Amino acid sequence: MKFITFYDHDQRLRAGVKTDRGIVDISGKYTISEVISGGRDVLREVEAYAAGADDVLDEKDLTCGPCVTDPQKIICVGLNYRKHAEETNAPIPEVPILFNKFNNTLTGHGHDVVLPRVSQAVDYEAELVIVIGKSAKDVAEEEALDYVFGYCNVNDLSARDLQMRTHQWMLGKSCDGFSPLGPYLVTADEVGDPNQLDIRCIVNGETRQHSNTADMIFNCKQIISYISRHMTLLPGDLILTGTPEGVVFGLPEAERVYLKDGDMVTIEIEKLGALTNRMVAER
């Protein structure tokens, strides 16, 4: 199934299911967080409810929210594509490089993202997101994907001048709106192998990144297992799995043109739809 969140007239977030007929509002029964944590029984109930619903909404009339609304943790993996590490002249990591983002970075498909005044070097990063579906602690690699609810797109926006100011990347990653998420949260059964997905970033109609999740240095099950050995993953937690080559930061310094006011950025991953946001200068 494909889930979506959207705002009602009172600016409350509601949950919906994408069907061939349109979007079925399920918020009278479940929030998106309850769906993620509810397991197979809840998914079966939602599927039956959506199949029998008479009222559907036109997706193009909806204002999307982030497809996961309240993660306890947003964990990111840095330099996790071989060609991206090479383009930035970074050594290939021997273990996953982890950092974090926060809920203030979340926004949805179609929303403007503010380019903060404190940065002159905001970069795009197309990434696959793992959404955890049940509590995971010290899980084996061969079992790790059993703990996944689903997957979605994210643009892991990065203010490179802030990111590289110190050895800690957090500041450059955590400006407001720097994790557009969606448009859909797609259940794991529809995605299949998460390490065989086409991934791309398109800026103003020009493809800047085009790769496949097979180029990950640490694949999805390795990432989940590794993180779970150090902390308990909970339903709704997000793992951003890294970006492929083609970012602005990977170009020679004289050729770098970072995101600017009015730029339209689309993140598109096979089976997950397309996430588009406009960049706007902070006023």
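Located above this text is the structure these notes cover.
An account of the accompanying structure is given in this report. (Residues numbered from 1 in each chain as written. Predicted model: local features only at pLDDT ≥ 70, side-chain atom pairs only at ≥ 80, totals over all residues. Heavy atoms only, no water.)

Some remarks on the overall build of the protein
This is how it is decided: Numbering of helices and strands runs from the N terminus, with a helix taken as a DSSP run of H or I at least four residues long and a strand as a DSSP run of E at least two residues long. Between the two quantities, the radius of gyration covers C-alpha atoms and the globule rule is 2.2 Å times the number of residues to the power 0.38. Buried residues are those whose accessible area, probed at 1.4 Å on protein chains only, stays under 20% of the maximum for their type, while exposed residues exceed 50% and partly exposed ones sit between those limits. By definition in these notes, contact holds between two residues if any of their heavy atoms fall within 4.5 Å. Computed by Shrake-Rupley with a 1.4 Å probe, the accessible areas treat only the displayed protein chains as cover when residues are assessed.
Across its full length, the protein carries seven helices and 18 strands. Against the globule reference of 19 Å for 283 residues, the protein gives a C-alpha radius of gyration of 18 Å, in line with a compact fold. Dimensions along the principal axes, computed over C-alpha positions, put the protein at roughly 55 × 45 × 25 Å. Out of the 283 residues belonging to the protein, those deemed buried represent 54%. Across the protein, contacts joining residues at least 24 apart in sequence account for 74% of those joining residues at least 6 apart. With the model as given, the accessible surface of the protein reaches about 12800 Å², and the carbon-plus-sulfur share is 47%.

Digging into the sheet that holds strand β15 (residues 206-212)
In plain terms, the rule: Strand pairing is assigned whenever DSSP detects at least two bridges linking the two strands. The axes are straight lines fitted to the C-alpha atoms, using for helices just the contacting stretch, and the angles between their N-to-C directions are given from 0 to 180°.
The sheet built from five strands is open, its strands ordered β7-β18-β17-β14-β15 with mixed pairing. This sheet does not close on itself; its edge strands, each paired only once, are β7 (112-115) and β15. Taken over all neighbouring pairs, the strand axes of this sheet differ in orientation by 20° on average, direction set aside.

So, the packing of aromatic side chains
Keep this limit in mind: Under the pairing criterion, centres of Phe, Tyr and Trp rings, with the six-membered ring standing for Trp, must be within 6.5 Å; the plane angle then separates stacked pairs below 30 degrees from edge-to-face pairs above 60, leaving the rest tilted. Two limits define a charge over a ring: the Lys NZ or Arg CZ must be within 6 Å of the ring centre, and within 35 degrees of the ring normal.
The full count for this structure, using the stated rule, is two aromatic pairs. Measuring from centroid to centroid gives 6.0 Å for F3 and F149, while their planes differ by 45°, and the two rings are tilted. Placement of F3 in strand β1 (residues 2-7) and of F149 in strand β10 (residues 148-155) is noted, with a sequence separation of 146 residues between them. Accessibility expressed as a relative area gives 0% for F3, which makes it buried. Given the relative accessible area of 8%, F149 is considered buried. Aromatic pair F99 and W169: ring centres 5.4 Å apart, planes at 65°, arrangement edge-to-face. Taken together, the residues span a long stretch of sequence, with F99 in strand β5 (residues 97-101) and W169 in the loop between α4 (160-163) and α5 (170-173) at a distance of 70 residues. This pair shows no difference in class: F99 is buried, exactly as W169 is. Over the aromatic face of Y147 sits the side chain of K134, whose NZ or CZ is 4.9 Å from the ring centroid.

What about unusual backbone geometry?
Note the cis peptide between G182 and P183, where omega equals 0°. Along the chain, P183 falls in the loop between β12 (179-180) and β13 (185-187). Unlike most non-glycine residues, Q11 shows phi in positive territory, near 65°. Considering the arrangement of structural elements, one finds Q11 in the loop between β1 and β2 (13-19).

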